[in-house]
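# A look at the structure
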Amino acid sequence: MTDGRRAAEQPTGLRERKKRRTRDALLHAALELFTTQGYDETTVDEIVDAVEVSQRTFFRYFASKEETAFAVQEMVESRFLSELRQRPAEEAPFEAMRSAVLCAWNSIGEAIEETVTVELHMRTYRMIESTPSLLAAHLRRSIDLETEIAEVIAGREGLDIRTDPRPRVAVAAFSGVMRVTGQLWGHGRDTSMESLRALTENYLDQLGPALAGNWHAPVEPVTAGPAPSARQPRPRHVPNAS
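Residues numbered from 1 in each chain as written. Predicted model: local features only at pLDDT ≥ 70, side-chain atom pairs only at ≥ 80, totals over all residues. Heavy atoms only, no water.

What follows concerns a nonpolar patch on the surface. Residues Val180, Leu184 and Tyr203 make up a contiguous nonpolar surface patch of about 220 Å² in total accessible area. Its place among the elements puts Val180 in helix α9 (residues 166–186). (Patch = residues over 30% accessible without salt bridge, like charges linked within 9 Å, V, L, I, M, F, W, Y side chains within 5 Å. Areas by Shrake-Rupley, 256 points an atom, 1.4 Å probe, with all protein chains shown as cover. Salt bridge = Lys/Arg side-chain N within 4 Å of Asp/Glu carboxyl O. Helix = DSSP H or I, 4+ residues; strand = E, 2+ residues; numbered from the N terminus.)

Let's shift gears to the environment of Thr181. Inspection of the secondary structure assignment puts Thr181 in helix α9. The exposure class assigned to Thr181 is buried, which follows from its relative accessible area of 1%. When the C-alpha atoms of Thr181 and Leu196 are compared, they prove to be 7.5 Å apart, with 15 residues separating the residues in sequence. Among all residues touching Thr181, those that are not within four sequence positions of it are Leu196, Leu199, Thr200 and Tyr203. (Buried < 20%, exposed > 50% of the residue type's maximum accessible area, 1.4 Å probe, protein only. Contact = heavy atoms within 4.5 Å.)

A word on the layout of surface pockets. Each pocket or cavity is described by its volume, and for the largest pocket that value is around 590 Å³. Considering the residues around the largest pocket, the lining is formed by 27 residues, among which Gln73, Glu77, Leu145, Met178 and Arg179 are closest to the centre. Elements represented by at least two residues in the lining of the largest pocket include exactly α5 (71–85), α6 (93–113), α7 (118–130), α8 (132–157), α9 and α10 (193–205). Considered class by class, the residues forming the lining of the largest pocket number 14 nonpolar, 9 polar and 4 charged. (1 Å grid on protein atoms, 1.4 Å probe; cavity = no way out; pocket = protein on both sides within 12 Å on 5 of 7 lines; lining within 4 Å. Points joined across faces, edges and corners; volume = space filled by probe spheres on them. Nonpolar A, V, L, I, M, F, W, Y, C, P; charged D, E, K, R; others polar.)

Right, let's talk about the packing of aromatic side chains for a bit. If you walk through the whole model with that rule in mind, you get 5 aromatic pairs. Relative to Phe174, the ring of Phe80 lies with its centre 5.7 Å away and its plane at 15 degrees, an arrangement referred to as stacked. In this pair, Phe80 is assigned in helix α5 and Phe174 in helix α9, connecting sequence segments 94 residues apart. Residues Phe80 and Phe174 agree in their burial class; the two are buried. An aromatic cluster of at least three residues, connected via ring pairs, comprises Phe58, Phe59 and Phe62. Sitting over the ring of Tyr39, Lys65 keeps its end group 4.3 Å from the ring centre. (Phe/Tyr/Trp six-rings, centres within 6.5 Å; stacked < 30°, edge-to-face > 60°. Lys NZ or Arg CZ within 6 Å of the ring centre and 35° of its normal.)

Attention shifts here to α8. Between its terminal C-alpha atoms α8 stretches 38 Å, which fits the 38 Å expected from 26 residues at 1.5 Å a residue. Three or more residues of α8 are buried, namely Leu134, Ala137, His138, Arg141, Ser142, Leu145, Ile149, Ala150, Val152, Ile153 and Ala154. Against the buried residues of α8 lie α4 (65–69), α5, α6, α7 and α9. Just downstream of α8 lies Gly158, where phi reads positive at about 70 degrees. (Expected span 1.5 Å × (residues − 1).)

Looking now at empty space enclosed by the protein. Scanning the entire structure with this criterion turns up 1 cavity of 30 Å³ or more. Estimated volume of the largest cavity: approximately 50 Å³. As for the largest cavity, its lining consists of Leu31, Thr68, Ala69, Ala71, Val72, Gln73, His121, Thr124, Tyr125 and Ile128. Going through the elements one at a time, α4, α5 and α7 are the ones with two or more residues in the lining of the largest cavity. Per-element tally for the lining of the largest cavity: the top contributor is α7, with 4 residues.

Shown next, in the form of structure tokens:
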């Protein structure tokens, strides 16, 4: 590499790192304010004041407050979709989704820590679930994500989701497990990515038995015995003759 080419590329690298630091600082400040004083109570002015930048700078990185609230979750979802698209073609749909999410959790902790702490990510998850406006947005985003995953699965299997219900059904079951484990992790004491991965793996492994297994314990045979007697009439009160 020539000195001229190196000199031309260096400012670009520095500029990108500065932009990344500014974005991360805005995100961290926003999530701290959301989780300490409330999402609806936090203004963009407070976020930019915490970082000492302008509103114009904020909107250069984020379209809205809502986008900052879901920024880390968006990163996690993108990592999962990337892993899913790379799964071997011979894997069955559910196995591909299971492997993709576990592979994503193997590396996503480090990526989250580069932006915010895992503990702050957990607090943000709780805040989203307790804020009506964000919870509605969360459900809407979940529906959109399920559709995207179903399209990926259908593409892997050469199916049309408009006529074949199996991709949507498989994704709905998978997504239900992911919501449950997310809620359990979000309200638990262990904030590590390792605990989330272990919880996710355990619950995904229960999906097959839960759907196809017989939950009832063997019924003990009933031994023959006297037929139950009819309900006896309530005894009438007889006044004392004395």
